[in-house]
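Below are the chains, spelled out letter by letter.
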Amino acid sequence: MSQRRALNTFPGTKIHADRRNTPSKEEVEQLGGWRCLICLQEYDYLPDEGGRVLGFFRHADDPAALGLVCSILAPGNISGPGGCAGPLGRIARGTRHGSVRRLKALKEYRDNPLEFGPRPDLVDRRIHRVAENQRSQGVQVTAADVAGMYVAAGDCCQICKLPRTMPPKRNNLHIDHDHEHQRVRGVLCGGCNSSMDLLDRDPLYYERARWLFRDAQGIRSAPWYRTPPWYHDMAPA
């Protein structure tokens, strides 16, 4: 039974879920207080003027509240939360070990820019549009350079290896660039490109995110809240 159906079917279950997902004041103090573990900025428990609020980060394979991470809940934002929680959630995989591996792959990509050569023979209208979009952001790159980057990357994302044509509408490969030095860096899909946002903000964010995925113990709620009473009645003998 899904959690949504359980909340609508069994009376009092939503209260159990709310108490399970809301650590106490003592547990917040054990997590280091009302401070984001990634950017280290302190916040109140209420959203500030920019809509930034702290939330408890939980991994998919671990019910523990690993720590407090800031997020921006802007009205009408359909792309998900911003702040540190947005890119951190896009980096996270199904297991904590997988999240650490993906984080290391992003860092290796960042530290080793793609080596390529211009390919003017492969330039088409789409390549011209990609080059113009990069130049509008202050990156000096030609259409022949963009075509050469696609060839050097094997026409797929350099991190997840997802090809450009699978599927064509959702996997639109992007030319990634270093926002600090305004230089092209490689070819990424949309998901990996947005995940690089966390590593590009501050070099220390990588170490903090790796600690959160690999070493953080967090706060675990009482077993009674993780397993509501009605679950024992439905479980097979």
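Below, the structure is looked at part by part. As the structure is a computational prediction, the values presented were derived from the model and not from experiment. Residue indices begin from 1 for each chain and proceed along its sequence in written order. In keeping with the predicted nature of the model, local features appear solely for residues at pLDDT of at least 70, side-chain atom pairs appear and are counted solely at 80 or more, and the whole-chain, interface and lining totals rest on all residues. For side-chain calculations, the full set of non-hydrogen atoms in the structure is used, while hydrogens and water are omitted.

**Side note on helix α9 (residues 203–214)**
Selection rule: Helix and strand labels come from DSSP, where a helix needs a run of H or I of at least four residues and a strand needs a run of E of at least two; each type is numbered from the N terminus. Expected span, for any helix, means 1.5 Å times one less than how many residues it has. Throughout, exposure labels follow a simple rule: accessible area from a 1.4 Å probe, protein chains only, divided by the maximum for the residue type, with under 20% read as buried, over 50% as exposed, and the rest as partly exposed. Along the arc lie the directions from the helix axis toward the C-beta atoms. Contacts are residue-level and defined by heavy atoms, with any inter-residue pair within 4.5 Å sufficient. In the analysis that follows, any N or O atom pair within 3.5 Å is treated as a polar contact, provided that within protein one partner can donate a hydrogen and the other can accept it, and provided that, for residues neighboring in sequence, both atoms belong to side chains.
Relative to the 16 Å expected for 12 residues at 1.5 Å per residue, α9 spans 18 Å between its end C-alpha atoms, a close match to the ideal helical length. Within the span of α9, buried status applies to Y205, Y206, A209, L212 and F213. The buried side chains of α9 occupy one side of the element, clustering within an arc of 130° when seen end-on. Elements that come into contact with the buried residues of α9 comprise β1 (52–59), β2 (62–72), α4 (85–91), α5 (96–111) and α8 (190–201). The backbone nitrogen of L204 has a side-chain oxygen 2.8 Å away, supplied by the residue at the start of α9, namely D202.

**Concerning the packing of aromatic side chains**
To be explicit about the condition: Stacked, edge-to-face and tilted are the three classes for Phe, Tyr and Trp ring pairs, Trp counted by its six-membered ring, which pair at centre distances within 6.5 Å; planes under 30 degrees apart are stacked, over 60 edge-to-face, the rest tilted. A ring is considered to have a charge above it if a Lys NZ or an Arg CZ atom is located within 6 Å of its centre and within 35 degrees of its normal.
Applying the stated criterion to the full structure yields 2 aromatic pairs. Directly above the ring of Y206 sits K107, whose terminal nitrogen or CZ lies 5.5 Å from the centroid.

**A short note on unusual backbone geometry**
Not every positive phi belongs to a glycine, and L40 is a case in point at roughly 65°. Tracing the chain through its elements places L40 in the loop between α3 (25–30) and β1. Its relative accessible area of 37% is what places L40 among the partly exposed residues. Notably, K161 is not glycine yet its phi reads approximately 65°, a positive angle. For K161, a relative accessible area of 54% puts it in the exposed group.

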